[in-house]
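Reading the structure
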Amino acid sequence: MNFINLLIYTIAGTLIASMVSIIPGLHIYNVAGIILVFSVTFKNIIPTNILPVFIMSMIVTYSFLNTIPSVFLGAPDDSTIFVVLPGQKYMLEGRGYEASVITSIGGVIGILLLVLATPFSFYVFPKVIRILSPHMFWILGLILVYMVMTEWSNGMKRAKTRFGKFFGAWKSLAAGILTLILSGFLGIIIMNKSLLHLKISFQRVMPAFIGLFAIPLIITNIISKIEIPAQHISESINLDGSLIARGSAAGFLGGIFAALFPIVTGGVGGLLAGYATAQRDERIFVLSQGVSKTVYYVGAFLLFFVPTLHITRGELAWMLTPLYTPHSANDYWIALGTMLISAALAFILSLFYSQLVIRLIEHINYRLISLVVLFILVIIIFLLTGPIGILIMIVGTSIGFIPVMFNSRRMNCIGVLLIPIILNMAGLGPKILKFLGLLK
Amino acid sequence: MKGIAHFTTGVAVSTFFGEAVRIAAEQQSFILLLGGIFGILPDTLDFKFGRYLDKPDYEIEPEPNNLNAKKIAKQIAKAANEAYETGKTTEVQLHTIKLSAFTWRRYTVMFDSKTDSVVVEIGPVVSTSQVPYPGTELQNHKKQKGKAKIKGKLSQELQKPFIIDIKSGPSFKFERKGDKLEVEFLPWYRQWSHSFTVGILLGIIAGLIFGKLAGIIAALAFSLHIIEDLFGFMGGNLLYPFTKNRTKGAKLIKTNSPLGNFLITYANLIIIIFNLNRFSPSPIITIPWYLYFLITFIIPGGILFFVSGFFEIEDITHHEKMTAKMIEEMDDVEDEFM
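This text gives an overview of the structure that appears in the document. Treat the numbers as computed from the prediction; the structure is a model and nothing was measured.

The next point concerns the overall build of chain B. Scanning chain B for helices and strands turns up 10 helices and 10 strands. The C-alpha extent of chain B, read off along each of the three principal axes, is 75 × 45 × 35 Å. Expressed as a percentage of its 338 residues, the buried residues of chain B come to 53%. Here the contacts in chain B between residues at least 6 apart in sequence split such that 71% fall between residues at least 24 apart. Within the structure as shown, chain B displays about 15,600 Å² of accessible surface, and the carbon and sulfur contribution to it stands at 63%. Charge separation in chain B, taken as the distance between the mean sites of 37 positive and 35 negative side-chain charges, equals 2 Å.

Here it is, written out as structure tokens:
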């Protein structure tokens, strides 16, 4: 492979992903899927041996920049959902830029930790994955159970009676459980019924994801009377060595956990790591989420290049498998180099785009921006998945509104992936499908 | 200890049963899940049920626009004195002072055993992360601090100030024992839910539903939670209903200790991987057990323990500073605040 060629495609992937990443709710997996379809159809656009480099630069950039819509436009994806609350709080205090920069610093740390973890990628992680593989279904089940059992009640109000208190508290707890179950049902249906055309079947989760995670928040932005304060572009960030060490450790643990386990996203990994390390300081939390999502997205894809093993974790690795197989350690080093170059560019771009979005929200009505974003998302879903996709999106939105209305954990929407996958892994999928009348 | 430490302990203990690991891998059984569920169950019972079924006699809800520490102190003292005078237990629930979606007003309550009084101090406005906003302390000095005398000699398991700011406030139970008035923090917490008897009972129920092995795993995971809690500040009501009171903890580990929680969770994960490998038909890790634990836990854990001392972080919530200040100034809160 020619170095100049690699550099050109790395820069191109970074730039394209940077534009995609700031559109709220749009996931890089969807865009990468379309690019892969194009590259198969028009073979000269991206040579097959360059494809992994291009995709790597896209995923690195996305892992850095997807914080920007989460912080400024309130639309998270599955892995940034935990950045939202503190991130949006920062924004409401006029410190959104600070939150964005802290998360990007976390991203850089995540990338450096992935480089340092190379010996683990070669010798430890493959062994751990082989030991845990036969047990994956119950381990994923554990995550689900933990999420339900640790849902915090937000409703303990000053009710006069025991029943009043109990009811007030259980409103949000029950809403969380209901969200999980309904998302699970939606997941079972979209993963087992061929609702979308075969050509675009790889996009089957996209409308549900946008409906569950992005649209409820955008609509909330439109209908609420939220006033965005002037955003201060600070010249320095208040982080010391101890905060960085703690945030990085927590984020790396969560990210690597999510990268090694199928279906577990960076947000879930970050949640578990946060609990395991009992971190309270918001800066640690925001930094750790930056580390966690970069390690999750990039680390999962990097495992694909581990010599002779090429473990497929994450949707991108699965999509790339039929087109490309890494042959030697050289492929791993190229992927690592691409990751570093792209991360450096993505960090600079994150500062640029944060300032750009701040200017945008300062000059254009926030509700109008949210309306435009909503319009763009609906158009994208319609163009990619047609009216059925819109229908799935509406169902997803209805479910995604439950945690917004009842102030419960929005991460429960991840049931759309976790529940059908766990059921299938445990061999219960067909039985459930039969019970639901989805299988004859 | 945090829930995840208990949760992973429950799973770790369940993986010591080779039969459970084998049926999980070969028959896609969820039996190991029971370890996690029952490992965290005592706290789930308390925080999802117990606390809502508790009915305090007095609820103190400070008015955000008319804050007066002396008034709060007197309300608490009234409940305490009633318990002393009538011999019946009383319970008081303190509520938080929510100012907006993101801000709360902090206040602190301490029972002073030296002067047998309750001291209340109104603090600054804090964020959801319990970080104080500078310059938000009450300007009226007289309303900022309050003290009220309590009849009887105060006796309490936790001699420290209680900070009330975000989420929900604590409750206290007052009970006369001879000439002493016992103050019990969170009377609904770690009672019946943190007893071996309930653990065994639930184990029997799980055993009847899912089989003997599941029952043993459930009872063991539940019991280990109680044992782990005994290393903390508050113990449990170990043999409820045969015992009536909560024991004291060994005070060796704080619930929120990042290092303690991390090391326990990490140790559990190392044990889980060790056991899953050990009971696998073709083990992948073949080194002796002592070498495995030396490489995976003793060395990295030891390094972390040593290094963590260099990474102390500033207490931005000012909790420690505020409690230390309150203890120091306790004697200075004199009659003018009564």
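Close contact between helix α9 (residues 136–149) of chain A and helix α3 (residues 31–53) of chain B brings their axes to 10 Å; oriented N to C, the two are set at 5°. Classified by the angle their axes make, α9 of chain A and α3 of chain B are roughly parallel. Packed against α9 of chain A, whose contacting residues are Trp138, Gly141, Leu142, Val145, Tyr146 and Met149 of chain A, the element α3 of chain B presents Leu32, Leu33, Gly36, Ile37, Ile40, Leu41, Thr44 and Lys48 of chain B at the interface. The residue makeup of the contact of α9 of chain A with α3 of chain B, split by class, is 10 nonpolar, 3 polar and 1 charged.

With that settled, consider α3 of chain B. Residues and elements named next belong to chain B. When the terminal C-alpha atoms of α3 are compared, their 31 Å separation across 23 residues agrees well with the 33 Å that a helix rising 1.5 Å per residue should span. At Leu41, α3 shows its largest kink, close to 50°, and the proline Pro42 lies no more than four residues downstream. Most of α3 is tucked away: 19 of the 23 residues are buried.

Below, the discussion takes up the side chain of Ser121 of chain A. Residues and elements named next belong to chain A. Among the structural elements, Ser121 can be located in helix α7 (residues 118–123). Note on Ser121: relative accessible area 7%, which makes it buried. Excluding anything up to four places from it in sequence, Ser121 contacts Pro126, Val306 and Tyr332.

This paragraph deals with the nonpolar core. In terms of nonpolar packing, the biggest core is built from 172 residues, with Met56, Phe72, Trp138, Met147, Phe301, Met339 and Ile414 of chain A touching the most fellow members. Contacts of Met56 of chain A, omitting those with residues within four sequence positions, involve Val298, Phe301, Leu302, Phe305, Ala335, Thr338 and Met339 of chain A. Counting 35 residues, the second largest nonpolar core, distinct from the first, contains Ala69, Leu94, Ile164 and Leu181 of chain B.

Quick look at the interface of chain B and chain A now. Across the boundary between the two partners, chain B contributes 56 residues, which contact 51 residues of chain A. Top contributing element to the side of chain B that touches chain A by residue count: α3 of chain B, with 13 residues. Counted by class, the side of chain B that touches chain A contains 29 nonpolar, 18 polar and 9 charged residues.

By definition, the strands of a sheet pair up through backbone hydrogen bonds, in either a parallel or an antiparallel sense. Residue and element names in this part refer to chain B. The 5 strands are arranged β1-β2-β9-β10-β7 in an open sheet whose pairing can be described as mixed. Here the strands that pair on one side only, and so sit at the sheet edges, are β1 (58–60) and β7 (153–156). Strand after strand, the sheet turns through a mean of 25° between neighbouring axes, direction not considered. Bridge count between strand β2 (residues 90–94) and strand β9 (residues 171–177): 4 bridges; the pairing is antiparallel. Along β9, the bridge assignment pairs Gln93 with Ser171.

As enumerated under the stated definition, the model contains 10 salt bridges over all chains in all. When the shortest N-O distance is used, the salt bridge between Lys153 of chain B and Asp116 of chain B registers 3.8 Å. Residue Lys153 of chain B is located in strand β7, and its partner Asp116 of chain B is located in the loop between β4 (103–112) and β5 (117–127); the two are separated by 37 residues in the primary sequence. According to the relative accessible area criterion, Asp116 of chain B is buried, its value standing at 13%. For Glu184 of chain B, the salt bridge is made with Arg246 of chain B, and the minimal N-O distance between the two is 3.9 Å. Taken as a pair, Glu184 of chain B in strand β10 (residues 180–185) and Arg246 of chain B in the loop between α7 (212–229) and α8 (258–278) lie far apart in primary sequence, 62 residues in all. For Glu184 of chain B, a relative accessible area of 11% gives the class buried. Residues joined in a network through salt bridges with shared partners are Glu93, Arg95 and Glu98 of chain A.

All names here are of chain A. With respect to the helices and strands, Ser183 occurs in helix α10 (residues 162–192). Overall, the relative accessible area of 0% leaves Ser183 in the buried class. A distance of 2.4 Å separates a polar atom in the side chain of Ser183 from the backbone oxygen of Thr179. Other than its neighbours up to four places away in sequence, Ser183 contacts Leu212, Ile399, Asn412, Cys413, Gly415 and Val416.

Our focus in this paragraph is helix α11 (residues 206–223) of chain A. All names here are of chain A. Counted at 1.5 Å a residue, the expected span for α11 with its 18 residues is 26 Å, and the 24 Å between its end C-alpha atoms agrees. The sharpest bend along α11 measures roughly 40° and falls at Ala214, with the proline Pro216 sitting one to four residues further on. The buried fraction of α11 is high, at 14 of 18 residues.

The next subject is a nonpolar patch on the surface. Residue and element names in this part refer to chain A. A contiguous nonpolar patch, built from Leu360, Ile364, Leu368, Leu371, Val372, Phe375, Ile376, Ile379, Phe382 and Leu383 and spanning about 910 Å² of accessible area, is present on the exposed surface. Of the residues forming the nonpolar patch, the biggest block, 8 residues, is contributed by helix α17 (residues 366–406). Assignment of secondary structure puts Ile364 in the loop between α16 (329–363) and α17. Classification of Ile364 by relative accessible area gives partly exposed; the value is 33%.

How each quantity is defined
- Residues numbered from 1 in each chain as written.
- Chains lettered and ligands numbered in written order.
- Predicted model: local features only at pLDDT ≥ 70, side-chain atom pairs only at ≥ 80, totals over all residues.
- Heavy atoms only, no water.
- Helix = DSSP H or I, 4+ residues; strand = E, 2+ residues; numbered from the N terminus.
- Buried < 20%, exposed > 50% of the residue type's maximum accessible area, 1.4 Å probe, protein only.
- Contact = heavy atoms within 4.5 Å.
- Areas by Shrake-Rupley, 256 points an atom, 1.4 Å probe, with all protein chains shown as cover.
- Lys, Arg positive; Asp, Glu negative; His and termini not counted.
- Charge placed at Lys NZ, Arg CZ, Asp CG, Glu CD.
- Axes fitted to C-alpha atoms, helices over the stretch in contact; angles between N-to-C directions.
- Parallel < 35°, antiparallel > 145°, perpendicular 65-115°, else oblique.
- Nonpolar A, V, L, I, M, F, W, Y, C, P; charged D, E, K, R; others polar.
- Expected span 1.5 Å × (residues − 1).
- Bend = angle between axes of the 7 residues up to and from the residue.
- Core = buried A, V, L, I, M, F, W, Y, C linked by side-chain atoms within 4.5 Å.
- Pairing = 2+ DSSP bridges.
- Salt bridge = Lys/Arg side-chain N within 4 Å of Asp/Glu carboxyl O.
- Polar contact = N/O pair within 3.5 Å; in protein donor to acceptor, adjacent residues only side chain to side chain.
- Patch = residues over 30% accessible without salt bridge, like charges linked within 9 Å, V, L, I, M, F, W, Y side chains within 5 Å.

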